[in-house]
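Here is what each chain is made of, one letter per residue.
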Amino acid sequence: MKSGIKNLRVTAVLLPLLVLSGCAVNTDWMRQVEQPLKFNQPQQALMALESTGSAEDAALYLVSKGTLLRMTGDIEGSIQAFEAAKPLITFQEASSLTGIATSLTLTEGSGGYQPPAFEQVQLHFYQALNRMDVGDWEAARIEAMQIDILLERRWDGGTPFGADAAARFLTGIIFEGVGETDNALIAYRKAYEAYKDRSSVGGVPAELERRLLVLTRKMGLRGDFDAFAAEFGEQRKNEALARIEAAKTTGEVILVASTGLVPARYEERAQHMDPASGAMVTIALPALAAPSSMIAGVGLQRGNQNLGYSDTLADLSILSQRTLDDELPGLIAKSVARNVVKNVAANEAAEQFGLLGGLLVNVAGSAMESADVRCWHTLPQHIQVVSARLEPGSYTDLAVEYRGAGGNIREPLTREVRVALGAPTVVSVHRVAP
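Thresholds, definitions, all that
- Residues numbered from 1 in each chain as written.
- Predicted model: local features only at pLDDT ≥ 70, side-chain atom pairs only at ≥ 80, totals over all residues.
- Heavy atoms only, no water.
- Helix = DSSP H or I, 4+ residues; strand = E, 2+ residues; numbered from the N terminus.
- Expected span 1.5 Å × (residues − 1).
- Buried < 20%, exposed > 50% of the residue type's maximum accessible area, 1.4 Å probe, protein only.
- Salt bridge = Lys/Arg side-chain N within 4 Å of Asp/Glu carboxyl O.
- Phe/Tyr/Trp six-rings, centres within 6.5 Å; stacked < 30°, edge-to-face > 60°.
- Axes fitted to C-alpha atoms, helices over the stretch in contact; angles between N-to-C directions.
- Parallel < 35°, antiparallel > 145°, perpendicular 65-115°, else oblique.
- Left-handed = near helix turned anticlockwise from the far one by under 90°.
- Contact = heavy atoms within 4.5 Å.
- Nonpolar A, V, L, I, M, F, W, Y, C, P; charged D, E, K, R; others polar.
- Pairing = 2+ DSSP bridges.
- Core = buried A, V, L, I, M, F, W, Y, C linked by side-chain atoms within 4.5 Å.

(A) Local environment of helix H7 (residues 117–133). The end-to-end C-alpha separation of H7 is 25 Å, in line with the 24 Å expected for 17 residues at 1.5 Å each. Of all the 17 residues making up H7, 17 are buried; the element is thus mostly covered by neighbouring parts of the structure. Just downstream of H7, Gly135 is the residue with a positive phi angle, here 80 degrees.

(B) Broad picture of the pattern of salt bridges. This model, assessed by the stated rule, comprises 34 salt bridges. Here Lys65 ties to Glu50 by a salt bridge, and the two come within 3.8 Å at their closest N and O atoms. With a gap of 15 residues between them, Lys65 in helix H4 (residues 58–72) and Glu50 in helix H3 (residues 42–52) connect regions that are remote in the sequence. With a relative accessible area of 22%, Lys65 lands in the partly exposed category. Residue classification places Glu50 among the partly exposed positions, given a relative accessible area of 45%.

(C) Just the packing of aromatic side chains, in detail. Applying the stated criterion across every chain, the model contains 6 aromatic pairs. Geometrically, the ring pair formed by Phe169 and Tyr188 is tilted, given 5.9 Å between the ring centres and 50 degrees between the ring planes. Of this pair, Phe169 sits in helix H9 (residues 165–177) while Tyr188 sits in helix H10 (residues 181–198), placing them 19 residues apart in sequence. With respect to class, Phe169 is no different from Tyr188; both count as buried.

(D) The packing of H9 against H10, seen in detail. For the pair H9 and H10, interaxial distance at closest approach is 8 Å and the crossing angle is 165 degrees. When the axis of H9 is compared with that of H10, the two are roughly antiparallel. H9 and H10 meet at a crossing whose hand is left-handed. Across from Ala165, Ala166, Arg168, Phe169, Thr171, Gly172, Ile173, Phe175 and Glu176 in H9, the residues of H10 making contact are Asn183, Ala184, Ala187, Tyr188, Lys190, Ala191, Ala194 and Tyr195. Across the contact of H9 with H10, the residue classes break down as 11 nonpolar, 3 polar and 3 charged.

(E) The sheet that holds strand S1 (residues 251–259), seen in detail. Overall, mixed pairing links the 4 strands, which are arranged S6-S7-S1-S12 in an open sheet. In the strand order of this sheet, the two ends are held by strand S6 (311–315) and strand S12 (424–431), each with one partner. Ignoring which end each strand starts from, the neighbouring axes of this sheet average 20 degrees apart. Bridge count for S1 against strand S7 (residues 382–390) is 9 bridges, and the pairing is antiparallel. Of the residues in S7, the one forming a bridge with Leu255 is Val386.

(F) How the structure looks around the environment of Ala140. For Ala140, the position within the fold is in helix H8 (residues 137–155). Taking the relative accessible area as the measure of exposure, Ala140 reaches 0% and is therefore buried. Here the alpha-carbon distance between Ala140 and Phe125, two residues 15 residues apart in the chain, equals 9.6 Å. In contact with Ala140, other than residues within four places in its own chain, are Ala128, Arg131, Met132 and Ile174.

(G) Structural detail: the pairing of strand S5 (residues 305–309). As paired elements, strand S4 (residues 297–302) and S5 share 4 bridges and run antiparallel to each other. Note on S5: the bridge partner recorded for Arg302 is Gln305. Between S4 and S5, which pair antiparallel and follow one another directly, the connecting turn spans 2 residues, one of which, Gly303, has a positive phi of 60 degrees.

(H) Structural context of the nonpolar core. One finds Phe125 and Leu208 to be the most contacted residues of the largest nonpolar core, which totals 79 residues. Per element, the largest residue contribution to this core is 9 residues, and it comes from H7. Excluding residues that lie within four positions of it along the chain, Leu208 makes contacts with Phe169, Tyr188, Ala191, Tyr192 and Tyr195. In this structure, Val400, Val417, Val427 and Val429 belong to the second largest nonpolar core, which totals 19 residues.

(I) Quick look at the packing of H9 against helix H11 (residues 206–218). Running from N to C, H9 and H11 point in directions that differ by 40 degrees, and their axes come no closer than 12 Å. Between H9 and H11, the interaxial angle falls into the category oblique. Both H9 and H11 take part in a crossing whose hand is left-handed. Judged by residue contacts, Phe169, Ile173 and Glu176 of H9 engage Glu207, Leu208, Arg211 and Leu215 from H11. Looking at the contact of H9 with H11 residue by residue, the classes come out as 4 nonpolar, no polar and 3 charged.

(J) Highlighting the sheet that holds strand S10 (residues 407–412). In space, the 4 strands of this open sheet follow the order S5-S4-S9-S10, with antiparallel pairing throughout. If you trace the sheet from one side to the other, it starts and ends with S5 and S10, each paired once. Adjacent strand axes in the sheet meet at a mean angle of 30 degrees when their direction is disregarded. Alignment of strand S9 (residues 398–404) against S10, held across 6 bridges, turns out to be antiparallel. Each residue of the ladder has a partner; that of Arg403, found in S10, is Asn408.

Limitation: the analysis is restricted to geometry and does not speak to function.
Written as structure tokens, this is what we have:
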């Protein structure tokens, strides 16, 4: 009877380990997608994704596809991919003792992908840009409301490390675009608080400062205007007043530029022999590759005229690193727990089947220890914004200048830009390297 119980105990621990040896999520496809992107070849990256993308990770596949479709200019396809990803990418916590035990003891990456806060927010951010790209401002407004609901319900209004700041800024633009000035000012205030308290870009972007000054002045909030002017300085105040005057005869073009690639995760492994038991102990943890963006900033041009240079709204490499740093204590604890379980299995196998059986179980368990290195790697490293004023009309001669250490690249906008008096016109671009 005792022998039967012991066999059951060994089998109960070994079975999930053996099953998972063939079930860990394959992340090779992420590297195959990355290579053509480094040479600004999104179509080739999309082909690589579609031929090698992991069907096991539908959420990660869909958001990656949505980003690549945006880069190729297939905005409608990107909208469909992001909408399909939404019900899959929402964070799901373990809801049972079995789920909790599994998350503690089994191989990392064996379950569905659970994106960090900044990735969840970026899904809505880029879907909102998609909606504006096709001229559907009402759908963009719905996306802005979804951003607000997600932030309020999931994180009480503010994500860790200021990941909500750029999204709040974008919702402010959307509300301005649909004529909801009060909501726009609320969104800009929340963006200001996020940048000031939890910024990943070193402070409040100049463009947000200008917009806060313009709206508080236009809405007659003299006390708020004076307070912001005192904080932001005389130059920013004068820029805002000049913008208010120019708005009487001109419209606004807002360029949102996504540049570079967010750093990929990779695995770091450490192995050592426990001198007391002779067992092999393996710790595998994710680490981040060094940021490698070669685009320092962007400018908007018309002919030989420079219309403006960018402010950085978000640095996703910093958000990625802070997110990983926050995850590491829990990941280390889970790895230790898995090693304990595997060593128990090895000891019981040794008792039942001899030293060779215990050694085989220990070696198998050590080999199967792996880090979850999944991430939304087609996201940019930086999100940047440029605002410029132009007379109402249609423009086909606008271009984006990508500024890098190796020189500047000028790329004409492929779409006609229509500028109207009053509401802003938003244009978005995405380029990995100069």
